[in-house]
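Residue-level structure breakdown
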Amino acid sequence: MSHSGLAVEPAVRWPSNGISEVPFRVYTDQVQYQREQERLFRGKTWNYLCLAVELAKPGDYIATTIGEVAVIVARDADGAVNAFLNRCVHRGNLLCLEARGNVKEFGCIYHGWVYDLAGRLTGVAFEKGVQRQGGMPPEFRKEDHALQPLRVAELGGIVFGTFSDETLALEEWLGVDVTRGLTRVMNRTPVILGRSTQILPNNWKLYFENVKDTYHASILHLFLTTFRINRLSMPGGIYINHDGGNHYTYAMLDYAAEDATYKDAGLRSESEFRLEDPSVVESVDEYGDGVSVQILTVFPGMVLQQVRNTIAIRVVRPRGVDKTHLEWIHLGFDTDDEAMTERRLRQGNLIGAAGYIAMEDGFIGGFVQRALQYNDEGSGIVMMGGHEAESQNFRASEAAIRGFWKHYRALMGE
Ligand code: FES
Ligand SMILES: [Fe+2]
């Protein structure tokens, strides 16, 4: 124990200074969970807010969350995108009750205080009192009060927000590789094809690690292997930014060979399984670079996915130490013809809560969480591919997970 009064006893004890052993208690401890809200989601990180196309006109707004914190994103009359806490400065009421809409200003239902689209307080009900009695004292000035702002930045049509003045500029923070990966996929104006939210009965980190886990893909997801969508033997690699938190992994496919076999035999598979309708995996090389799978993460809670022609953003929303909402935003682009939209929708059967692939990622975290119930002594092992968190030109590795813990420990001060 420190006598300075500054050091806080860590909620979780790490077995080493390394990142290749992770104490199980990080997934079960309530104090740890609260610190994550403060130091990660409200800390020096950029968090997904919305797509810029969702705020097409002045007055368009979205009420959303960063971690568990309620925020509003709005386009003002000048066309600028602003974000601020969804919390009235008067008594802290939730200001915006609808998830989205278009307004001239924001009015609080509790006592009628009003804010403009930049979050400035513009109206206080009965400010001068009633019949010269009551009202706000003379020293109260509306211009001294505003909704607490967030910094906002946009890349590839995605709007991000951060609570911290110290967070590096978005592209610098993402790193050059992850910036390239993000803008590769988001290279046209996106169109939202659909949304769904999956309720995960587990700690949010179990899901975020799963996305960074290239090791499990060809083992847990038998569909991927059977139908050759993603095998570790395909050429590919992992890019990890220098902090470790952001990453993307990719795999290459010989689309021409795939096409020939597709026409020939429905779909090749070394097992006896054949798809009754192979159109669910029929795909085109829309980016012209042969990359058929690219999974990208933005620390601590955003995923950008390209699996063949299914494009989706997934947002990880912690809702308690053992509960997570996973929001899926399924995307197309404004350049898509009808055939491409149809293709994206069909391939959409691969992913999401009931998808041929992604349902497994939805339940595996719940299994881990059940095993850890009152059973969280010790640590998990994250040593596949070594002890470092560096970019690699192969994928039989847990380097991206180690990257997550590297950045996590740095921000958490552990
Ligand atoms: S809490 Fe919003 S006006 Fe009172
Ligand atoms: Fe998976």
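Considering the coordination of the iron ion (ligand 2)
- Bound to the iron ion (ligand 2) on the protein side are His 216 (NE2), His 221 (NE2), Asp 361 (OD) and Asp 361 (OD), at distances that span 2.1 to 2.4 Å.
- Metal-centred angles of 57 to 150° between the 4 donor atoms at the iron ion (ligand 2) mark the site as irregular.
- The sequence pattern describing where the donors of the iron ion (ligand 2) fall on their chain is H-x4-H-x139-D. Each of the two residues, His 216 as well as His 221, counts as buried.

Some words on the side chain of Asp 361
- With respect to the element layout, Asp 361 can be found in helix α9 (residues 359–372).
- Reaching out from Asp 361, the side chain makes a polar contact with the side chain of His 221 at a distance of 2.9 Å.
- Residues within four places of Asp 361 in sequence aside, it is in contact with Tyr 207, Asn 210, His 216, Leu 220 and His 221.

Overview of the layout of surface pockets
- Each pocket or cavity is described by its volume, and for the largest pocket that value is around 450 Å³.
- Together, 17 residues line the largest pocket, and Tyr 27, Leu 206, Glu 209, Asp 213 and Val 368 are the ones closest to its centre.
- Residues belonging to the lining of the largest pocket are distributed by class as follows: 10 nonpolar, 4 polar and 3 charged.
- What the second largest pocket holds in volume is close to 200 Å³.

What about the pattern of salt bridges?
- Summed over the entire model, instances satisfying the criterion amount to 21 salt bridges.
- When salt bridges with common partners are traced through the structure, they connect Glu 54, Arg 100, Arg 195, Arg 317 and Glu 327 into a single cluster.

Regarding a nonpolar patch on the surface
- Together, Leu 94, Leu 97, Ile 109 and Tyr 110 make up a nonpolar patch on the protein surface, roughly 460 Å² of accessible area in all.
- For Leu 94, the location among the structural elements is in the loop between β5 (81–85) and β6 (100–102).

Observations regarding the domain arrangement of the protein
- Partitioning the protein into domains gives domain 1 (47–153) and domain 2 (175–412).
- Here the C-alpha centre of domain 2 lies 36 Å away from the C-alpha centre of domain 1.
- In this complex, domain 1 contributes 10 residues to the contact, which on the side of domain 2 involves 15 residues.
- It is Tyr 48, Leu 51 and Glu 68 in domain 1 that bury the most area against domain 2; as a group they hold 52% of the surface buried on that side.
- Applying the counting criterion to the domain 1 and domain 2 interface returns 1 salt bridge.
- With its nearest N and O atoms 2.4 Å apart, the salt bridge here joins Arg 195 to Glu 54.
- Seen at the junction of domain 1 and domain 2, the total is 6 residue pairs in polar contact (both at pLDDT 80 or more).
- At the level of elements, β2 (47–51) and β3 (60–66) are the ones that each hand at least two residues to the side of domain 1 that touches domain 2.
- The dominant element in the side of domain 1 that touches domain 2, judged by the number of residues it contributes, is β2, at 3 residues.
- Residue composition of the side of domain 1 that touches domain 2, grouped by class: 3 nonpolar, 4 polar and 3 charged.

A few points about the confidence of the model for the protein
- On average, residues of the protein score 92 in pLDDT, and 94% of them reach the 70 mark or higher.
- Predicted confidence for residues 1–5 stays below pLDDT 50, and this span has 2 contacts to residues more than four positions away or in other chains.

Re the nonpolar core
- Grouped together as the largest cluster of nonpolar side chains are 91 residues, with contacts concentrated most on Ile 158, Leu 182, Met 186, Met 302, Ile 313, Trp 405 and Tyr 408.
- Of the residues forming this core, the biggest block, 6 residues, is contributed by helix α10 (residues 399–412).
- Both of domain 1 (47–153) and domain 2 (175–412) provide at least three residues apiece to this core.
- Beyond its immediate chain neighbours, meaning those up to four positions away, Met 302 contacts Tyr 48, Ile 158, Phe 160, Leu 182, Phe 208, Leu 296, Thr 297, Ile 313 and Arg 314.
- Counting residues in hydrophobic clusters, the runner-up holds 17 residues, among them Cys 88, Cys 96, Phe 140 and Leu 147.

With respect to the sheet that holds strand β17 (residues 310–318)
- An order of β12-β18-β17-β16-β15-β14-β13 is seen for the 7 strands of this open sheet, with the pairing classed as antiparallel. Each edge of the open sheet is held by one strand with a lone partner, namely β12 (190–200) and β13 (236–240). Averaged over all pairs of adjacent strands, the angle between their axes in this sheet comes to 15°, without regard to strand direction.

Looking at the pairing of β5
- In terms of burial, β5 is a largely internal element, 5 of the 5 residues being buried.
- Between strand β4 (residues 69–75) and β5, which pair antiparallel and follow one another directly, the connecting turn spans 5 residues, one of which, Gly 79, has a positive phi of 95°.
- Relative to strand β10 (residues 149–155), β5 is paired through 2 bridges, and the arrangement is antiparallel. Residue Ala 83 lies in a different strand from β10, and its bridge partner there is Leu 150.

Some thoughts on the environment of Ala 56
- Checked against the element boundaries, Ala 56 lands in the loop between β2 and β3.
- Judged by relative accessible area, which is 57%, Ala 56 ranks as exposed.
- Placed 19 residues apart in sequence, Ala 56 and Arg 75 show a C-alpha to C-alpha distance of 7.8 Å.

As for empty space enclosed by the protein
- Applying the stated rule across the entire model yields 2 cavities of 30 Å³ or more.
- Secondary structure elements with two or more residues in the lining of the second largest cavity: β2, β3 and β17.
- If you tally residues by element for the lining of the second largest cavity, the top one is β17, at 3 residues.
- Looking at the lining of the second largest cavity residue by residue, the class counts come to 6 nonpolar, 4 polar and 1 charged.
- Residue assignment places the lining of the second largest cavity across two domains, with domain 1 (47–153) and domain 2 (175–412) each supplying three or more.

What counts as what
Residues numbered from 1 in each chain as written. Chains lettered and ligands numbered in written order. Predicted model: local features only at pLDDT ≥ 70, side-chain atom pairs only at ≥ 80, totals over all residues. Heavy atoms only, no water. Donors = N, O, S within 2.8 Å, 3.2 Å for Na, K, Ca; no water. Tetrahedral: all angles 85-135°; square planar, octahedral: opposite > 155°, others 65-115°. Buried < 20%, exposed > 50% of the residue type's maximum accessible area, 1.4 Å probe, protein only. Helix = DSSP H or I, 4+ residues; strand = E, 2+ residues; numbered from the N terminus. Polar contact = N/O pair within 3.5 Å; in protein donor to acceptor, adjacent residues only side chain to side chain. Contact = heavy atoms within 4.5 Å. 1 Å grid on protein atoms, 1.4 Å probe; cavity = no way out; pocket = protein on both sides within 12 Å on 5 of 7 lines; lining within 4 Å. Points joined across faces, edges and corners; volume = space filled by probe spheres on them. Nonpolar A, V, L, I, M, F, W, Y, C, P; charged D, E, K, R; others polar. Salt bridge = Lys/Arg side-chain N within 4 Å of Asp/Glu carboxyl O. Patch = residues over 30% accessible without salt bridge, like charges linked within 9 Å, V, L, I, M, F, W, Y side chains within 5 Å. Areas by Shrake-Rupley, 256 points an atom, 1.4 Å probe, with all protein chains shown as cover. Domains from an automatic or database assignment. Buried area = accessible area lost by both parts, 1.4 Å probe. pLDDT = per-residue confidence, 0-100. Core = buried A, V, L, I, M, F, W, Y, C linked by side-chain atoms within 4.5 Å. Pairing = 2+ DSSP bridges. Axes fitted to C-alpha atoms, helices over the stretch in contact; angles between N-to-C directions.

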